[in-house]
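# A look at the structure
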Amino acid sequence: MLRRLSLAFVVLAAPLSAEMAHHGDIMVTGAYAYETPKSAPSGAGYLTVMNMGDTDDVLLAVKSDPMQVMMHETVEENGVARMVHKMSVPIAAGDTVSFEPGGLHIMFMGLNGDPFEEGEAVPATLVFEKAGEVVVDFTVINRRAEPPMDHGAGH
């Protein structure tokens, strides 16, 4: 019995996996990134954020040392797609916001010859205005693979 309890403690104390991270009213699911070539200066990350509370919140930043991390949105103007830097992303009470290819996404910059490799976990911290910090691991997958299932998102 003691052995199970200590193992459970170790699991709970570790950063939450790409499957699900929960802090206060905020739940994060399905965090993943695609593998990158060795020469890539940056990589993109995707996830779903759910605000299960009665109060709006705002995703203020994403951190992942030693890389610089920014939130971007792909927008199309006059048939040309471009990335727009997002200083913050509002998450309304009871709402779900998806970061996905072709839309909102997280850019990890400064890979400096250290590519994202399939099976690797890229740790990051999401900083919310009200919920505080939520630690997640972005699971690196093959570009031809299906993104992880979004368990619990409901949208």
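It should be emphasised that the depicted structure is a prediction, and the values quoted were computed from it without experimental measurement. (Residues numbered from 1 in each chain as written. Predicted model: local features only at pLDDT ≥ 70, side-chain atom pairs only at ≥ 80, totals over all residues. Heavy atoms only, no water.)

### Considerations on the nonpolar core
For the record, the criterion: Side-chain atoms within 4.5 Å are what join buried Ala, Val, Leu, Ile, Met, Phe, Trp, Tyr and Cys residues into a set we call a nonpolar core. Classification of residues uses two cut-offs on accessible area relative to the type maximum, computed with a 1.4 Å probe and protein chains only: under 20% is buried, over 50% is exposed, and between them is partly exposed. What makes two residues a contact is simply this: any of their non-hydrogen atoms within 4.5 Å.
By size, the foremost hydrophobic cluster in this structure holds 30 residues, and its most contacted members are Phe99, Leu126 and Phe138. Every residue in contact with Phe99, bar those within four places of it in the chain, is listed here: Tyr46, Leu47, Val49, Leu59, Met71, Val89, Leu104, His105 and Ile106. In terms of nonpolar packing, the next biggest core, distinct from the first, is built from 6 residues, Tyr34, Ala44, Met107 and Ile141 among them.

### Some words on the confidence of the model for the protein
Here is the rule: Think of pLDDT as the predictor's per-residue confidence, scored from 0 to 100. Counting from the N terminus, the helices are DSSP H or I runs at least four residues long and the strands are E runs at least two residues long.
Put simply, the protein has an average pLDDT of 84, and 83% of its residues get 70 or more. Of all helices and strands in the protein, the one with the weakest mean pLDDT is helix α1 (residues 2-13) (33), whereas strand β7 (residues 89-91) scores best (98). Within the model, pLDDT remains below 50 along residues 1-18, and this stretch shows 13 contacts once partners closer than five positions in the same chain are excluded. A low-confidence stretch, residues 151-155 stays under pLDDT 50, and its non-local contacts, those more than four residues away or across chains, total 7 contacts.

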